[in-house]
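Each chain, letter by letter, is given below.
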Amino acid sequence: MTERTVLDCRTFSFDLPGARALYGKLIDIWYSRPDSEPLLKPIFATVGVVPADLDWTRMTAVWDTVLTRAAQLGHLRQLAELLVEQTNTPALQGFFETLPSLGDLVVATGRGAFDSRLLAQRRPFLDRRNVRDSLTDLSTPTGARVLVVDGPRGSGRSHIWYLVSDGLARLVPKPPPPVRVQPSQWSGEAWGPLQLMTDIAQGLDWPVPEVDLQAQPDTHIRLLGRWFRTRAGNENEPRWLVIDDLDGAFVTDAGQRMAADIAYAAATAQAGPFRIVMLGFKGTLATDADAVAAREAIAYLDATALRDYFCELASEVGEQLTPDAADLIVAQAAGAPPYPVPLPFQQIGSGIGKLAEAYVGGAGGENG
């Protein structure tokens, strides 16, 4: 089996073994080569990088963008193969084979850091391909900085938190743990701007903001937004903030506008390296933020999604479930048909996770 190298990663980082050598070699070769553009443009286009988006006057910027984007798309190895096959560059002959193995390092390879189907503590995670892709995009330097996920209650919006947490733990370099804000876990009135920002500050180990408690909500939004941007701008590492329960039942209208202001700060590069995931948000983002924020809508998961989940697990370990075998596993997980929509995952989720772990382990595969 071919050893995994940086070419198999879905996130390009200089912390990965061989990444700096790869970057340096490509710049050394193409920095002053007169035929760089005509040779490289069709190759870049083939691996999904738009040549017109590149600053061809700065070869360091070209390769930084190309390696980042190709990794995000899972095309780094294809890029390497095309460079060898189509550019007649002796210095590349055999070079990619010298890149060091990643060994047991857990990185965003193959399916991607956010593509796990069995998360920590045997939590199953079904479907949500678009959400997974958007989270992968958020994890890259050039990707979006805000993701809004909406869907009906009971569709599994809050469960996305576990995918975020699990995926970030797989990234290299590993960012600080994400922070979750979930007003529904606290009794009392719906949260306004001050309650929301206070909980965010505590999660980030920041001092609690001090504002006039008697001030109007709009004043709180303005002052707390400025306070957040100042604090966030001092962060040096990527910080992920997941704000849940934004559908209006647990957060006031002013609280939603406070969340929108935080998203605006991140989307317009006024919040340092922050990434914001908003779950259930139904409000309006400012035009500048809305233009670059990622939005995904999710629906209820049914027995078909559960069936597909076990078929995907089987495929990952090199097996193929027959229709009868798939139906049998679904029945073991969810009981006999007919099945309700949505499936009661709060009741059956633990059983699904145990079945998935037993199946993957028995087949000799790896979790996730």
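Residues numbered from 1 in each chain as written. Predicted model: local features only at pLDDT ≥ 70, side-chain atom pairs only at ≥ 80, totals over all residues. Heavy atoms only, no water.

Asker: Explain the overall build of the protein here, please?
Answerer: Broken down by element type, the protein carries 13 helices and seven strands. For the protein, the spread of C-alpha atoms along the three principal axes comes to 70 × 55 × 30 Å. By residue count, 49% of the 368 residues in the protein fall in the buried class. Nonlocal contacts in the protein, meaning residues at least 24 apart in sequence, comprise 72% of its contacts between residues at least 6 apart. Surface exposure of the protein reaches about 17,500 Å², of which carbon and sulfur atoms provide 49%. Taken as two groups, the 33 positive and 44 negative side-chain charges of the protein have centres that lie 2 Å from each other. (Helix = DSSP H or I, 4+ residues; strand = E, 2+ residues; numbered from the N terminus. Buried < 20%, exposed > 50% of the residue type's maximum accessible area, 1.4 Å probe, protein only. Contact = heavy atoms within 4.5 Å. Areas by Shrake-Rupley, 256 points an atom, 1.4 Å probe, with all protein chains shown as cover. Lys, Arg positive; Asp, Glu negative; His and termini not counted. Charge placed at Lys NZ, Arg CZ, Asp CG, Glu CD.)

Asker: Which parts of the structure should I look at to understand the environment of glycine 225?
Answerer: Relative to the helices and strands, glycine 225 is located in helix α8 (residues 217-233). C-alpha separation for the pair glycine 225 and alanine 265, spaced 40 residues apart in sequence, amounts to 8.2 Å. Setting aside residues up to four positions removed in sequence, glycine 225 forms contacts with His220, Met258 and Asp261.

Asker: Where do I start with the sheet that holds strand β6 (residues 274-279) in this structure?
Answerer: Within a sheet, adjacent strands bond to each other through the backbone by hydrogen bonds, running parallel or antiparallel. Taken in spatial order, the five strands of this open sheet run β4-β5-β6-β3-β7, and their pairing is parallel. Of all the strands in the sheet, the pair left with one neighbour each is β4 (179-181) and β7 (294-297). The sheet shows a mean angle of 15 degrees between the axes of neighbouring strands, taken without regard to direction. Direction of pairing for strand β3 (residues 146-150) relative to β6: parallel, over a ladder of four bridges. Bridge pairing in β6 links leucine 147 to valine 277. Contacts between helix α9 (residues 253-267) and the sheet are confined to β3, β5 (239-243) and β6, with β6 contributing the most and set at about 145 degrees to the helix. (Pairing = 2+ DSSP bridges. Axes fitted to C-alpha atoms, helices over the stretch in contact; angles between N-to-C directions.)

Asker: Explain the packing of α8 against α9 here, please?
Answerer: How two helices sit against one another is set out by the angle between their axes and by the gap between those axes. The contact between α8 and α9 brings their axes to 10 Å, and the two run at 30 degrees. When the axes of α8 and α9 are compared, the pair comes out roughly parallel. Every pair of crossing elements has a handedness; the one defined by α8 and α9 is right-handed. Taking contact as the criterion, the partners of Pro217, Asp218, His220, Ile221, Leu224, Gly225, Phe228 and Arg229 in α8 are, on α9, Ala254, Arg257, Met258, Asp261, Ile262 and Ala265. Broken down by class, the residue content of the contact of α8 with α9 amounts to eight nonpolar, two polar and four charged. (Parallel < 35°, antiparallel > 145°, perpendicular 65-115°, else oblique. Left-handed = near helix turned anticlockwise from the far one by under 90°. Nonpolar A, V, L, I, M, F, W, Y, C, P; charged D, E, K, R; others polar.)

Asker: Can you help me understand the pattern of salt bridges in this one?
Answerer: Opposite charge on two side chains permits them to pair, given that their charged atoms come into close proximity. Overall, the coordinates contain 20 salt bridges when judged by the stated rule. The salt bridge involving arginine 257 is made with aspartate 253; its shortest N-O contact spans 3.2 Å. Here arginine 257 pairs with aspartate 253, and both are found in helix α9, just four residues apart, close to one helical turn. (Salt bridge = Lys/Arg side-chain N within 4 Å of Asp/Glu carboxyl O.)

Asker: Hey, could you run me through the pairing of β6 in this one?
Answerer: Here is the key point about a regular strand: its side chains alternate between the two faces of the sheet. Counting buried positions along β6 yields six of six residues, so the element is predominantly enclosed. Residue alternation in β6 divides its side chains into two sets, Phe274, Ile276 and Met278 and Arg275, Val277 and Leu279, and both sets are buried. Where β5 lies against β6, five bridges are found, and the strand directions are parallel. For arginine 239, the partnering residue across the bridge sits in β6 and is phenylalanine 274.

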